[in-house]
Amino acid sequence: MRRVVILFAVLCMCDSVSPAVLCMCDSVSPAVKFGQLCSGNSENSRRTSDSWGQGHYGARRGNRDHRGLDIMCSDDSIVYAPFDVTLHGKVIVYTDPEKAAINSGINLEGEGLCFKLFYVRPDRTSGSVRKGERIGIMLPMQSVYPGITSHIHVQMCDKTDPTPYF
């Protein structure tokens, strides 16, 4: 007696899944997630609202929009690589000399992403760093913006929204 085996393939389109078909789609949210950025904030909690404004992507900043996401980080805390990264130089955040105390950051690439971290004094500005290794120190934000929720500003190189990666 012959056995006939028939295989059925189901193609899932993540944006239009039929309720009768169960599909798991990684493309609904990015597969890349940032690991811990700052000592004392293992969940990468975000800056919400304070007397200086809000920390979400798109928040108003006078006549412009905020093009990053603010992750809470106490002044002088250790800043970590969120995943394996390559360091691509220092970032100058401001041209205003009154903000010199926090005028530093770093360009990074990893997991197919290009991004910047503002308000960080990097230990070095080139080479590779493994996930969870120290990349620098949070600068003294309170000295420039008293009362603000101290934070690292995460900005994608193309200025798109980094929120889905958190």
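Data block above holds the structure.
Residues numbered from 1 in each chain as written. Predicted model: local features only at pLDDT ≥ 70, side-chain atom pairs only at ≥ 80, totals over all residues. Heavy atoms only, no water.

Undergrad: Explain the overall build of the protein chain to me, please; I cannot follow it from the model alone.
TA: Assigned secondary structure in the protein chain consists of 0 helices and 13 strands. Each helix and strand of the protein chain, placed in order from N terminus to C terminus, yields the pattern β-β-β-β-β-β-β-β-β-β-β-β-β. Here the protein chain holds 166 residues, and 39% of them are scored as buried. Within the protein chain, contacts between residues separated by at least 24 positions form 62% of all contacts whose residues are at least 6 apart in sequence. Total accessible area on the protein chain is roughly 10100 Å²; 51% of this is exposed by carbon and sulfur atoms. (Helix = DSSP H or I, 4+ residues; strand = E, 2+ residues; numbered from the N terminus. Buried < 20%, exposed > 50% of the residue type's maximum accessible area, 1.4 Å probe, protein only. Contact = heavy atoms within 4.5 Å. Areas by Shrake-Rupley, 256 points an atom, 1.4 Å probe, with all protein chains shown as cover.)

Undergrad: Sorry if this is basic, but what is going on with the pattern of salt bridges here?
TA: Two side chains of opposite charge can pair, provided their charged atoms sit close to one another. If you walk through the whole model with that rule in mind, you get 7 salt bridges. The salt bridge involving Arg 67 is made with Asp 65; its shortest N-O contact spans 3.4 Å. Taken together, the shared-partner salt bridges in this structure form one network comprising Arg 47, Asp 50, Arg 61 and Asp 70. (Salt bridge = Lys/Arg side-chain N within 4 Å of Asp/Glu carboxyl O.)

Undergrad: How do you make sense of the side chain of Arg 61 when you look at a structure like this?
TA: By secondary structure assignment, the location of Arg 61 is in strand β3 (residues 60-61). At 3.5 Å, the side chain of Arg 61 forms a polar contact with the side chain of His 66. Ignoring any residue separated from it by four or fewer positions in sequence, one finds Arg 61 in contact with Arg 47, Gln 54, Gly 55, His 66 and Asp 70. (Polar contact = N/O pair within 3.5 Å; in protein donor to acceptor, adjacent residues only side chain to side chain.)

Undergrad: Any chance you could explain the pairing of strand β8 (residues 105-110) here in plain terms?
TA: Successive residues of a regular strand alternate their side chains across the two faces of the sheet. Within β8, 5 of the 6 residues are buried, which leaves it mostly tucked inside the rest of the structure. The antiparallel pairing of β8 with strand β9 (residues 113-118) creates a hairpin that spans 2 residues between the two strands, and Glu 111 there sits at a positive phi of about 55°. (Pairing = 2+ DSSP bridges.)

Undergrad: Can you walk me through the environment of Lys 131 in this structure?
TA: The topology assignment puts Lys 131 in the loop between β11 (126-129) and β12 (134-138). In this structure Lys 131 comes out as exposed when scored by relative accessible area, which is 57%. On a C-alpha basis, the gap between Lys 131 and Gln 36 in space is 8.9 Å, while along the polypeptide they are 95 residues apart. In contact with Lys 131, not counting residues within four places along its chain, are Gly 35, Ala 81, Pro 82, Phe 83 and Asp 84.

Undergrad: It is not clear to me how the sheet that holds strand β7 (residues 85-91) should be interpreted in this structure. Could you clarify?
TA: Sheets are built from strands paired through backbone hydrogen bonds, the pairs being either parallel or antiparallel. If you walk across this open sheet you meet the 6 strands as β5-β13-β9-β8-β7-β11, and the pairing is antiparallel. Each edge of the open sheet carries a strand with a single partner, namely β5 (69-72) and β11. Strand after strand, the sheet turns through a mean of 30° between neighbouring axes, direction not considered. One ladder, built from 4 bridges, connects β9 with strand β13 (residues 151-156); its direction is antiparallel. If you follow Leu 117 over to β13, its bridge partner there is Val 154. (Axes fitted to C-alpha atoms, helices over the stretch in contact; angles between N-to-C directions.)

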